[in-house]
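An overview of the molecular structure
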Amino acid sequence: MFYREAGIFKTSYAADQALFRIPIDRLFIAGLVLVAFVVVPVVANDYWLGSILIPVMILSIAALGLNILTGYCGQVSLGTGAFMAAGAYMAYKIATNFTWMPIPVVIVLGGLCAAAIGVAFGLPSLRIKGFYLAVTTLAAQFFLLWMFQKIPWFVNYSISGVPTAPPREVLGVLVTGAEATTSARYLFILTFVVVLALIAGNLVRGRIGRTWMAIRDMDIAAELIGIKPLNTKLSAFAVSSFYCGIAGALWSFCYINTVEPTAFDIFRSFMVLFMVIVGGLGSILGSFLGALFVFLLPIALNNIPATLGLHIPTEMISHIEFMLFGGLIVFFLIVEPHGLARLWQIGKEKLRLWPFPY
């Protein structure tokens with residue numbers, strides 16, 4: 001009888017924990033967003049805002065887009081940089097031809113153009129998958145960058161081929177261009193990050209997210225229960241490319257202030273893929289953790305030896321960086337496939353029960 005009552009108490013306690021866990025997590029996220037909007041622009045200096053937080057947030061959007069395609073739908077892509085470039089070039093074209101258009105609308109339209117391109121390159125996903133689909137998206141990477149460089153229409157026939165992003169205002173405050181303040185650009189990007197993260201969270205929890213995960217887990221069984229593989233895969237390509245396009249437009253307009261193809265080369269695609277693997281496949285939080293970790297690791301490797309008084313050549317640090325990335329990818333794929341998001345979840349569960357685990 002005692003064990004039965006203890007079992008009932010334990011079940012009831014677990015149910016109460018599950019009941020209050022979601023509101024507590026939501027309150028924590030709301031508080032974190034409030035701190036990001038109110039406290040961080042006041043406390044952080046221009047270096048942290050412009051050189052750390054802004055690129056990390058933009059890359060988080062790109063990692064979130066790739067995670068929707070690869071982590072939730074199971075479609076491998078190596079063309080993230082190309083879709084980012086599509087969003088950047090099309091946003092520049094729209095901004096310079098329709099100067100009256102608000103810059104948030106320009107960014108969204110650039111993402112929609114990238115989504116259309118992503119759907120076009122996602123059409124082969126019905127017949128091919130795995131390595132062959134990765135090669136197809138890799139072809140998109142090289143073809144799109146070649147097209148943006150060789151057709152001068154995309155840069156308004158600029159002689160240099162690397163035009164400057166036009167300055168634009170929101171409510172009378174410059175948010176793009178070299179003259180925009182760092183805090184204004186930070187708040188502008190943070191608004192996109194919060195909105196897109198909320199949309200992604202609702203998508204993966206809803207019907208469309210369940211169809212993505214059904215295709216990922218077993219596409220034949222998903223087709224047998226009535227899920228259309230082509231529509232599901234193309235929707236994942238569209239949403240993923242939309243996120244990557246917005247990230248590319250923000251990267252050009254709010255970070256580097258130019259529209260150049262070298263910013264979206266194949267190494268950018270691999271960088272975003274590393275973020276998804278390290279952060280955690282199929283996790284929205286993992287996209288942010290992976291972007292933060294992958295972006296800060298080279299900075300730490302360059303600063304820690306000097307802080308400790310060690311004189312290590314720059315070439316050796318670069319090689320150490322590549323070795324660490326390779327080792328971390330192998331480690332997470334074998335030991336913890338769900339990445340940093342899973343480690344964060346485990347640590348949070350332990351802290352919730354500490355110091356009395358029973």
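Source: prediction; values computed, not measured.

**Topic: unusual backbone geometry**
- Positive phi is not limited to glycine here, since N156 has a value of about 55°.
- The topology assignment puts N156 in the loop between α6 (131-150) and β1 (169-170).
- A relative accessible area of 28% means that N156 is categorised as partly exposed.
- A positive phi is found at N257, a non-glycine position, where the angle reads about 65°.
- Looking at the secondary structure, you find N257 in the loop between α10 (229-256) and α11 (266-279).

**Side note on the nonpolar core**
- Of all hydrophobic cores here, the largest spans 93 residues; its most connected members are I107, Y243, L250 and F253.
- In terms of residue count, helix α3 (residues 46-72) provides more of this core than any other element does, 15 residues in total.
- Excluding anything up to four places from it in sequence, Y243 contacts I61, L64, G65, I68, L196, I199 and A200.

**Description of α3**
- When the local axis directions of α3 are compared, the greatest deviation, roughly 35°, occurs at L53, which is followed within four positions by the proline P55.
- The buried count for α3 comes to 22 of 27 residues, which makes it a mostly enclosed element.
- Of the residues flanking the end of α3, it is G74, one or two places downstream, whose phi is positive at about 75°.

**Points about the side chain of T80**
- By secondary structure assignment, the location of T80 is in helix α4 (residues 80-97).
- Once residues lying within four places of it in the same chain are set aside, the contact partners of T80 are L66, Q141, C244, S269 and V272.

**Brief notes about the packing of helix α5 (residues 103-122) against α10**
- Where α5 contacts α10, the axes come no closer than 6 Å and their chain directions differ by 140°. For the element pair α5 / α10, the angle class is oblique. Regarding α5 and α10, the two cross each other, and that crossing is right-handed. Listed contacts from α10 to I103, I107, V108, G111, L112, A114, A115, G118, V119 and G122 of α5 are L234, F237, A238, S241, F242, G245, I246, A249, L250 and F253.

**Describing α6**
- With 20 residues, α6 should cover 28 Å at 1.5 Å per step; its first-to-last C-alpha distance of 29 Å lies within 8% of that length.
- What α6 keeps buried is the set L133, A134, T136, T137, A140, Q141, L144, L145, M147 and F148. One side of α6 carries all its buried residues, which in axial view fall inside an arc of 165°. Those residues of α6 that are exposed and angled more than 90 degrees off the buried face are F131, Y132, F142, Q149 and K150.
- Buried positions along α6 lie against α4, α5, α10 and α11.

**Let's talk about the packing of α11 against helix α13 (residues 314-334)**
- At a minimum axis distance of 9 Å, the contact between α11 and α13 shows a crossing angle of 40°. When the interaxial angle is binned, α11 and α13 end up oblique. For the element pair α11 and α13, the recorded crossing hand is left-handed. On α13, the residues touching F274, I277 and V278 of α11 are I329, F332 and L333.
- For the contact of α11 with α13, a count of residues per class yields six nonpolar, no polar and no charged.

About the criteria used
- Residues numbered from 1 in each chain as written.
- Predicted model: local features only at pLDDT ≥ 70, side-chain atom pairs only at ≥ 80, totals over all residues.
- Heavy atoms only, no water.
- Helix = DSSP H or I, 4+ residues; strand = E, 2+ residues; numbered from the N terminus.
- Buried < 20%, exposed > 50% of the residue type's maximum accessible area, 1.4 Å probe, protein only.
- Core = buried A, V, L, I, M, F, W, Y, C linked by side-chain atoms within 4.5 Å.
- Contact = heavy atoms within 4.5 Å.
- Bend = angle between axes of the 7 residues up to and from the residue.
- Axes fitted to C-alpha atoms, helices over the stretch in contact; angles between N-to-C directions.
- Parallel < 35°, antiparallel > 145°, perpendicular 65-115°, else oblique.
- Left-handed = near helix turned anticlockwise from the far one by under 90°.
- Expected span 1.5 Å × (residues − 1).
- Arc of directions from axis to C-beta.
- Nonpolar A, V, L, I, M, F, W, Y, C, P; charged D, E, K, R; others polar.

By themselves, these are just geometric observations and shouldn't be taken as functional.
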